[in-house]
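Structure assessment
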Amino acid sequence: MSKTFANSLNPEKHMPLATQQQQQQQQYPWWFSPDTGIYRSIHPNVNLPTDPFLDVVSFILSHSHNGVSALIDSSSGFSISYPKFYSLVKSMASGLHKMGVSQGDVVLLLLPNSVYYPIVFLGVLYIGAVVTTMNPLSSVVEVSKQIKDSNACFAFTGLENVDKLQALGITVIVVPGNVMLDVKKEVFSVFYELIDGEFDLAPMPVIKQQDTAAILFSSGTTGVSKGVLLTHGNLIATVELFVRFEASQYEYSSLKNVYLSVLPLFHIYGMALVVVGLLSLGSSLVVMKKFDVNEVVAAIDRYKVTHFPVVPPILRALTKKAEDIGTQSLQSLKQVSCGATPTSMKLIEDLVQTLPHVDFIQGYGMTETAAVGTRGFNTEKIRKYSSIGLLAPNMQAKVVDWNTGSFLPPASIGELWLRGPSIMRGYLNNASATMSTIDNDGWLHTGDIIYFDEDGYLYILDRIKEIIKYKGFQIAPADLEAVLISHPEILDVGITGATDEECGEVPVAFVVKKHDSKLSQKDIMDYVARQVSPQKKIRKVVFTHSIPRSAAGKILRRELRTFLASRL
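We now turn to the structure provided with this report. (Residues numbered from 1 in each chain as written. Predicted model: local features only at pLDDT ≥ 70, side-chain atom pairs only at ≥ 80, totals over all residues. Heavy atoms only, no water.)

**Thoughts on the packing of helix α4 (residues 82-99) against helix α5 (residues 117-126)**
Counted only if it meets this: Note on definitions: angles span 0 to 180 degrees between N-to-C directions of axes, and those axes are lines fitted to C-alpha atoms, for helices only across the stretch in contact. Counting from the N terminus, the helices are the DSSP runs of H or I reaching at least four residues and the strands are the DSSP runs of E reaching at least two. What sets the label is the angle itself: under 35 degrees gives roughly parallel, over 145 gives roughly antiparallel, 65 to 115 gives roughly perpendicular, and the rest give oblique. Crossings are sorted by hand: turned counterclockwise from the far helix by less than a right angle, the near helix makes the crossing left-handed, and turned clockwise it makes it right-handed. Contact criterion: two residues are considered in contact whenever any of their non-hydrogen atoms come within 4.5 Å of each other. Residue classes follow a fixed rule: Ala, Val, Leu, Ile, Met, Phe, Trp, Tyr, Cys and Pro count as nonpolar, while Asp, Glu, Lys and Arg count as charged, and any other residue, Gly among them, counts as polar.
Packing of α4 against α5 leaves a shortest axis separation of 8 Å and a crossing angle of 55°. The orientation of α4 relative to α5 falls into the category oblique. Read as a crossing pair, α4 and α5 show a hand that is right-handed. Of the residues in α5, those in contact with Phe85, Leu88, Val89, Lys90, Met92, Ala93 and Leu96 of α4 are Pro118, Ile119, Val120, Leu122, Gly123, Val124 and Tyr126. Grouping the amino acids of the contact of α4 with α5 by side-chain chemistry returns 12 nonpolar, one polar and one charged.

Laid out in structure tokens, this is it:
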């Protein structure tokens, strides 16, 4: 590690004086064991269901509440009541069973946000089949690869992707995009037959908590995208340790809460909150197909939204809009929660000053932890807006020196390791990647650099891992390198992320082209854009004579980032 990078991670730059003194005195709090290096959650453990034959859908539906509207379409106001929602999930399950979807089959969801998304997702899981999700803007190459890797045999998609999927030889079910206008269109007839049928699922499948429920593709700590295997037990832990536990920490009733869902439901953040967790509470979920800040403000005011989970680019747009419109709008908001990628302190301060009546918290989780990790919690005495929160119940952590492997106490900076009931089963068909990420003692090596303060709050500083986070989306540099190196005029390439105020990070390509090549920056960006989904586009190209590599041939991305920083 370079001296410059080491100095930038000096704890004394980030720690209050009291924390430094505590570290020097070696007086450790009760939630840290200096003998084992294990941090425990300050929160008491939550009792998780012990029945091994329990699926996450039955678990969600088992929670009694008096919730009225489950799902509301933001644009039309079309709503689905909780009783109707339960009926639609069961109808979807029995309809898929009659179509020939069997336990263990993989079903692809290539869908934008809609009120039907949770119904399809949970209907698939209820028969013991497995969901794999994708960005609906994914390219044909990306879709084809995921279908092959996951062995998906059925797919739900919107009208815009029908031809793309049918060309890949997979059974396609088309889901309406506009719930009010698409009812009579013949192309959606199969979907309506699925949700309009009677519940008839005999015999009921025997599903175990350890069975795979979902395959979500993630870049993990390094390398190309890998299929993360999440079990029914993992998702039950998500419901209890993330969503229901957080709701229990606040005095206001879950039944009166209205959540605005703009986060993509194919992503672990949106999936954990909206598709599984919140539906167990009885809260109302307003679902927006895609983000538009004017529509967000209108939806918050129209539906009296109380909770708005976001990522930093959405947070920035909301804050700026709130500054422009004054105090007449957004008065129903009680909480804005942010995750998926670190948030700057400047952005947090702007929000808190602009909307002082709103509670702001951050959280931390990974696809590999089923979104469970930490969650912010503010009290009258403690408000740590820049923290990613406290360890979730039932979760354990270690802070590890990534050079020596030694375990570190509070106020020390190191790599975060996590262990608990939400940790993934492993990576799909990739034992080596699984073993390099989860050790023999069950610790998930996150690759993120953090520290604990004297109150048990975590702060994220940097990443060891190489992935780029663009607006909360994970982009594997190796995926883009594989696309570019296929160009006949490119000899070598290295991808890294550059800090961007609006997007968090943007992908930058360092390219070594053939000596007689006339390739321009635009040529290279267009070449990549034709083969990847929009968030993966290259935003900048730097031509160079060589790519810095280690003796083993590994690209030294930190050197690339240092070069970019020196040019700012």
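**Thoughts on the environment of His63**
Rule in force here: When accessible area is computed with a 1.4 Å probe and restricted to protein chains, residues below 20% of their type maximum are described as buried, those above 50% as exposed, and intermediate ones as partly exposed. Identification of polar contacts relies on pairs of N or O atoms within 3.5 Å, with a donor-acceptor requirement for protein atoms, meaning one able to donate a hydrogen and the other able to accept it, and with residues adjacent in sequence counted only if both atoms are side-chain atoms.
Take His63: it is sitting in the loop between α3 (56-61) and β2 (69-73). Given a relative accessible area of 17%, His63 falls into the buried group. Considering only alpha carbons, one finds His63 and Leu279, 216 residues apart in sequence, at a separation of 9.3 Å. If sequence neighbours within four positions are ignored, His63 has contacts with Tyr86, Glu240, Arg244 and Ser280. There is a polar contact of 3.4 Å between the side chain of His63 and the side chain of Arg244.

**Some thoughts on the packing of α5 against helix α10 (residues 268-277)**
One way to put it is that α5 packs onto α10 with a least axis distance of 9 Å and a crossing angle of 80°. Here α5 is positioned roughly perpendicular relative to α10, judged by the angle of their axes. Contacts between α5 and α10 involve Tyr117, Pro118, Phe121 and Leu122 from the first element and Met271, Val275 and Val276 from the second. Its residues placed into classes, the contact of α5 with α10 shows seven nonpolar, no polar and no charged.

**Observations regarding the packing of aromatic side chains**
The condition that has to hold: Between the rings of Phe, Tyr and Trp (Trp by its six-membered ring), a pair exists once the centres lie within 6.5 Å; its type follows the angle of the planes, with under 30 degrees stacked, over 60 edge-to-face, and the other angles tilted. The rule is short: NZ of Lys or CZ of Arg within 6 Å of the ring centre and within 35 degrees of the ring normal puts a charge over the ring.
The full count for this structure, using the stated rule, is 16 aromatic pairs. Between Tyr39 and Phe452, the aromatic rings sit 4.0 Å apart at their centres with planes inclined by 10°, giving stacked as the arrangement. Remark: Phe452 occurs in strand β20 (residues 444-452) and Tyr39 occurs in strand β1 (residues 39-40); sequence separation between them is 413 residues. Looking at Phe452, the relative accessible area reads 2%, which means it is buried. Relative to Phe563, the ring of Phe510 lies with its centre 5.8 Å away and its plane at 70°, an arrangement referred to as edge-to-face. Here Phe510 is found in strand β25 (residues 504-513), whereas its partner Phe563 is found in helix α17 (residues 557-566), with 53 residues between them in sequence. Here Phe563 falls in the partly exposed class, since its relative accessible area comes to 38%. Counting every residue linked through ring pairs, the aromatic cluster contains Tyr28, Trp31, Phe32, Tyr39 and Phe452. Sitting over the face of the ring of Phe199, Lys90 holds its NZ or CZ atom 5.7 Å from the ring centroid. Against the face of Phe543 rests Lys513, its NZ or CZ located 4.1 Å from the ring centre.

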